[in-house]
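Reading the structure
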Amino acid sequence: VVQVYCEPLTRKGDTFGTVIVHRDITKEYEVDLMKSEFVSTVSHELRTPLASVLGFTELMLNKELKPERQKKYLTTIYQEAKRLTALINDFLDVQRMEAGKQTYDKRYDDILPLLTSIVETNQINSPNHTLHVDSRTSNTMVLGDKDKIGQVFNNLINNAIKYSPDGGNVYVDIFEEGPNLKIAIKDEGLGIPADAIEKLFAKFYRVDNTDRRRIGGTGLGLAIVKEIMKAHDGEISVQSEPKEGSTFTVSFPIVIGTHNPSENSTQEN
Ligand code: ADP
């Protein structure tokens, strides 16, 4: 994006020429665009679940309903309220991370049961996809904050399901590579265009194309994943082919020894 303007050249009040200035304002333009995208994402994402909570509550208050119908409406209200809570938690997480105020309660723990239970929950919630877990190592101990690592797995598995069509498979592989324990989450979904890959982990970034316009989200999930991995001396990488699928791989340093450093939580800035 280029801004062009004219600057008259004057000497002792007389104009004797003009300078045409070309200024590259791509950066400013992108920041503005991101801000307005943020405002529209936030209002849309908060409004949609709130509208359904209000709508169904009103229905229940104004009508005599059969118990089954009541239960159906209450389930929707409950799910939408949960979605709102998750959204607000994501916003708060990002804010805490930016302010360097996020705390991590790190302990040596086996992440395999954590991962399996997250896969099971996602499988129950997404019966139209098939999730597979393959653990190719016996050493699945990690020094980390279990809740935060759970958030990493959950965000990645959730995305793998969300961005693949019904009937798709999601493969979760756990393996050792050099000094690292790696977890790869592979899907057969929409994939990601090459020019979007470098922006993927930026806050509020969402890949823009018509296929995914109806898929809700805030563009915060991967930014949170990246921060959590950084706080664990870990890494995240992605390989993807549009229309073929994507593989997100997280990597933790393998820990030697299995004792907990202390009962106190550690703070990372
Ligand atoms: P959200 O899903 O809320 O938009 P994320 O930060 O989790 O935010 O992801 C950012 C963007 O990356 C998404 O909008 C989506 O377009 C793309 N993306 C993430 N994971 C996948 C995936 N497994 N397959 C295809 N696209 C993905």
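Residues numbered from 1 in each chain as written. Predicted model: local features only at pLDDT ≥ 70, side-chain atom pairs only at ≥ 80, totals over all residues. Heavy atoms only, no water.

**Concerning the nonpolar core**
Stated precisely, the cut-off is as follows: Residues belong to one nonpolar core when they are buried, are Ala, Val, Leu, Ile, Met, Phe, Trp, Tyr or Cys, and are joined through side-chain atoms within 4.5 Å. The cut-offs for exposure are 20% and 50% of the maximum accessible area for each residue type, with area from a 1.4 Å probe on protein chains only; residues under the lower value are buried, those over the upper are exposed, and the others partly exposed. Put simply, DSSP H or I for four residues or longer makes a helix, DSSP E for two residues or longer makes a strand, and each gets a number counted from the N terminus. Here, two residues are considered to be in contact whenever any of their heavy atoms come within 4.5 Å of each other.
Membership of the largest hydrophobic core comes to 44 residues, with the highest contact counts inside it found for Phe153, Leu156, Ile157, Ile183, Leu200, Phe248 and Val250. Tallying contributions element by element places helix α4 (residues 146–162) first for this core, with seven residues. Aside from chain neighbours lying at most four places away, what touches leucine 200 is Ile192, Tyr205, Val207, Leu222, Val238 and Phe248.

**Topic: the site of the ligand**
As a reminder of what qualifies: We define proximity as follows: a residue is near a molecule or strand when any one of its heavy atoms falls within 4 Å of that partner. Polar contacts, as counted here, are pairs of nitrogen or oxygen atoms within 3.5 Å of one another; within protein the pair requires one atom able to donate a hydrogen and one able to accept it, and residues that are adjacent in sequence qualify only if both atoms are side-chain atoms. Residue type decides the class: Asp, Glu, Lys and Arg count as charged, Ala, Val, Leu, Ile, Met, Phe, Trp, Tyr, Cys and Pro as nonpolar, and the leftover types, Gly among them, as polar.
Taken together, 20 residues lie near the ligand, and Tyr163, Asp187, Arg206, Thr218 and Leu222 sit nearest. The separation between an oxygen atom of the ligand and a polar side-chain atom of tyrosine 163 is 2.7 Å. Taking leucine 222, its main chain carries an N or O atom lying 2.8 Å from an oxygen atom of the ligand. Ranked by the residues each element gives to the shell around the ligand, the list is headed by α4, at three residues. Its residues assigned to classes, the shell around the ligand shows nine nonpolar, seven polar and four charged.

**Details of the side chain of histidine 232**
Mapped onto the elements of the fold, histidine 232 is located in the loop between α6 (221–231) and β9 (235–241). For histidine 232, a relative accessible area of 4% translates into the label buried. Not counting residues within four places of it along the chain, the set of residues in contact with histidine 232 comprises Tyr104, Lys106, Leu143, Gly144, Asp145, Lys148, Ile149, Phe252 and Pro253.

**Overview of the packing of helix α3 (residues 111–125) against α4**
Inclusion rule: A fitted line through C-alpha atoms serves as each axis, taken over the contacting stretch for helices, and the angle formed by two N-to-C directions is quoted from 0 to 180°. Should the near helix be turned anticlockwise from the far one by less than a right angle, the crossing is termed left-handed; should it be turned clockwise, right-handed.
One way to put it is that α3 packs onto α4 with a least axis distance of 10 Å and a crossing angle of 40°. For the crossing formed where α3 meets α4, the hand is right-handed. Across the interface between the two elements, Ile111, Leu114, Leu115, Ile118, Val119 and Asn122 from α3 touch Lys146, Ile149, Gly150, Phe153, Asn154, Ile157, Asn158 and Ile161 from α4.

**Regarding the sheet that holds β9**
Counted only if it meets this: We call two strands paired when DSSP finds no fewer than two bridges between them.
Ordered in space as β5-β7-β8-β10-β9, the five strands form an open sheet in which the pairing is mixed. The open sheet terminates on both sides in strands that have one partner only, identified here as β5 (130–135) and β9. Looking at each pair of strands side by side, their axes are set apart by 15° on average, direction ignored. Here seven bridges tie strand β8 (residues 180–187) to strand β10 (residues 245–253), and the two strands are oriented antiparallel to one another. Looking at β10, one finds that leucine 181 is bridged to phenylalanine 252. α3 rests against β5, β7 (169–177) and β8 of the sheet, and its axis sits at about 170° to β5.

**Points about the pattern of salt bridges**
This is how it is decided: Salt bridges are counted wherever a side-chain nitrogen of Lys or Arg sits within 4 Å of a carboxyl oxygen of Asp or Glu.
Counted under the stated rule, the structure contains ten salt bridges. Linking aspartate 173 and arginine 136 is a salt bridge whose minimum nitrogen-to-oxygen distance equals 3.6 Å. One end of the pair, aspartate 173, is in strand β7; the other, arginine 136, is in the loop between β5 and β6 (141–144), and 37 residues separate them in sequence.

**Describing the confidence of the model for the chain**
How we decide: Within a predicted model, pLDDT stands for the predictor's per-residue confidence, ranging from 0 to 100.
Within the chain, residue pLDDT values average 89, and 92% of them lie at 70 or more. Across the whole predicted complex the pTM is 0.78, and at the interface the ipTM reaches 0.99.

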